[in-house]
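# Fold and geometry: a report
Chain by chain, the residues run as shown.
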Amino acid sequence: MDELDVSDGFDVHDYRHGLKLLKEDRETMALENRAEFACPACGKAFEKLFVSRRRENTFGNPDSPICLVRTDERLLLLTH
């Protein structure tokens, strides 16, 4: 299982072959993990990925564990 590489930022286009776009606006996108990529925080497979360029984000009550990863330009929230 390949882990998302965030060592030099994160470019979603590098992983488009295994991520299905669910929703996108100017500063955020939600994707589903179709290729069983591994989480860069814990190394386990994740279900969904939320990517944001916003400085502030609000999230509801997650039903499952989450991991947060910060790059210089983006916040990644991964649900398991």
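As a reminder, the structure under discussion sits directly above these lines.
About the thresholds
Residues numbered from 1 in each chain as written. Predicted model: local features only at pLDDT ≥ 70, side-chain atom pairs only at ≥ 80, totals over all residues. Heavy atoms only, no water. Salt bridge = Lys/Arg side-chain N within 4 Å of Asp/Glu carboxyl O. Helix = DSSP H or I, 4+ residues; strand = E, 2+ residues; numbered from the N terminus. Buried < 20%, exposed > 50% of the residue type's maximum accessible area, 1.4 Å probe, protein only. Phe/Tyr/Trp six-rings, centres within 6.5 Å; stacked < 30°, edge-to-face > 60°. Pairing = 2+ DSSP bridges. Axes fitted to C-alpha atoms, helices over the stretch in contact; angles between N-to-C directions.

## What about the pattern of salt bridges?
Under the criterion given, the structure shown has 3 salt bridges. R54 is the salt-bridge partner of D25, the closest N and O atoms lying 3.2 Å from each other. Taken together, the positions of D25 in the loop between β1 (19-24) and β2 (28-33) and R54 in the loop between β3 (48-52) and β4 (66-70) put the pair 29 residues apart, joining distant regions of the chain. Taking relative accessible area as the criterion, D25 reaches 36% and is therefore assigned partly exposed. Across the salt bridge formed by R54 and E27, the nearest N and O atoms sit 3.6 Å from each other. Of the two residues, R54 is situated in the loop between β3 and β4 and E27 in the loop between β1 and β2; the sequence distance between them amounts to 27 residues. Since its relative accessible area comes to 31%, E27 is described here as partly exposed. When salt bridges that share partners are traced, they join D25, E27 and R54 into one network.

## Topic: the packing of aromatic side chains
Applying the stated rule across the entire model yields 3 aromatic pairs. A centroid spacing of 5.2 Å and a plane angle of 85 degrees characterise the contact between Y15 and F37, whose relative ring orientation is edge-to-face. In this pair, Y15 sits in the segment before β1 while F37 sits in the loop between β2 and β3, placing the two residues 22 residues apart along the sequence. As far as burial versus exposure is concerned, Y15 and F37 are alike and both buried. Consider the rings of F50 and F59, whose centres lie 5.5 Å apart with planes at 90 degrees: the pair is edge-to-face. With relative accessibility at 39%, the residue F59 sits in the partly exposed group.

## A closer look at the sheet that holds β3
Taken together, 5 strands build an open sheet; the order of strands is β1-β2-β3-β5-β4 and the sheet is antiparallel. The open sheet terminates on both sides in strands that have one partner only, identified here as β1 and β4. Taken over all neighbouring pairs, the strand axes of this sheet differ in orientation by 20 degrees on average, direction set aside. Bridging between β2 and β3 involves 5 bridges; their strand directions are antiparallel. Bridge pairing in β3 links L31 to L49.

## Here's the deal with the pairing of β1
Two strands pair when backbone bridges link them, and β1 and β2 are joined in this way by 5 bridges, in the antiparallel orientation. Each bridged residue has a counterpart across the sheet, and for L21 the counterpart in β2 is L31. Here β1 folds back onto β2 in antiparallel fashion, the turn holding 3 residues.

So yeah, pure geometry; function would need other evidence.
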